[in-house]
Amino acid sequence: MWISVKGFLSRIFSLLLLIPIYFYRICISPLTPPSCRFTPTCSAYAVEAIKKHGPVKGFYLTVRRILRCHPWGGSGYDPVP
């Protein structure tokens, strides 16, 4: 029983994290010029990280990636670990 409740909560929290990302990708991103330094884009990275690692570690990886996205940060291919 605990495993099914834990899986259900994980899916709910993942969905709550993915909804703003999908909103950004559909409504906000088309209005701005492409400026991502990394491949895949930060929003694609976030979706993949949350789906692959769950809401806690996926959120951590996403925040870490966004914090690296600045003029003195890296660029290029950066896949989800």
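Predicted model, so just to flag it, every value in this text is computed and none were measured. (Residues numbered from 1 in each chain as written. Predicted model: local features only at pLDDT ≥ 70, side-chain atom pairs only at ≥ 80, totals over all residues. Heavy atoms only, no water.)

S.K.: When you look at the overall build of the protein chain in this model, what are you seeing that I'm missing?
M.R.: The secondary structure content of the protein chain amounts to 2 helices and 2 strands. Reading the helices (α) and strands (β) of the protein chain from amino to carboxyl end gives α-β-α-β. Expressed as a percentage of its 81 residues, the buried residues of the protein chain come to 23%. The contacts in the protein chain between residues at least 6 apart in sequence include a share of 69% that link residues at least 24 apart. Element-wise, carbon and sulfur atoms account for 72% of the exposed surface of the protein chain, whose accessible area totals about 6000 Å². (Helix = DSSP H or I, 4+ residues; strand = E, 2+ residues; numbered from the N terminus. Buried < 20%, exposed > 50% of the residue type's maximum accessible area, 1.4 Å probe, protein only. Contact = heavy atoms within 4.5 Å. Areas by Shrake-Rupley, 256 points an atom, 1.4 Å probe, with all protein chains shown as cover.)

S.K.: Hey, could you run me through helix α2 (residues 42-68) in this one?
M.R.: What sets the pattern is the α-helix's 3.6 residues per turn: residues three or four places apart point alike. Taking 1.5 Å per residue, 27 residues should reach 39 Å; α2 reaches only 10 Å between its end C-alpha atoms and comes up short. The largest bend in α2 comes to about 140 degrees, at Gly 54, with the proline Pro 55 one to four residues further on. (Expected span 1.5 Å × (residues − 1). Bend = angle between axes of the 7 residues up to and from the residue.)

S.K.: I keep staring at the UniProt feature "transmembrane region" (unreviewed entry) in the protein chain and nothing clicks. Help me out?
M.R.: In this structure's numbering, the residues bearing the UniProt feature "transmembrane region" (unreviewed entry) are residues 12-32. This span, residues 12-32, is 81% helix and 0% strand, and a straight line between its end C-alpha atoms measures 30 Å. (UniProt positions renumbered as here; feature names shortened; annotations may be inferred.)

S.K.: Explain unusual backbone geometry to me, please; I cannot follow it from the model alone.
M.R.: One can expect most non-glycine residues to show negative phi and most peptide bonds to be in trans. Here the residue pair Thr 39 and Pro 40 is connected by a cis peptide bond, since its omega of -5 degrees sits within 30 degrees of zero. Secondary-structure assignment places Pro 40 in the loop between β1 (38-39) and α2.

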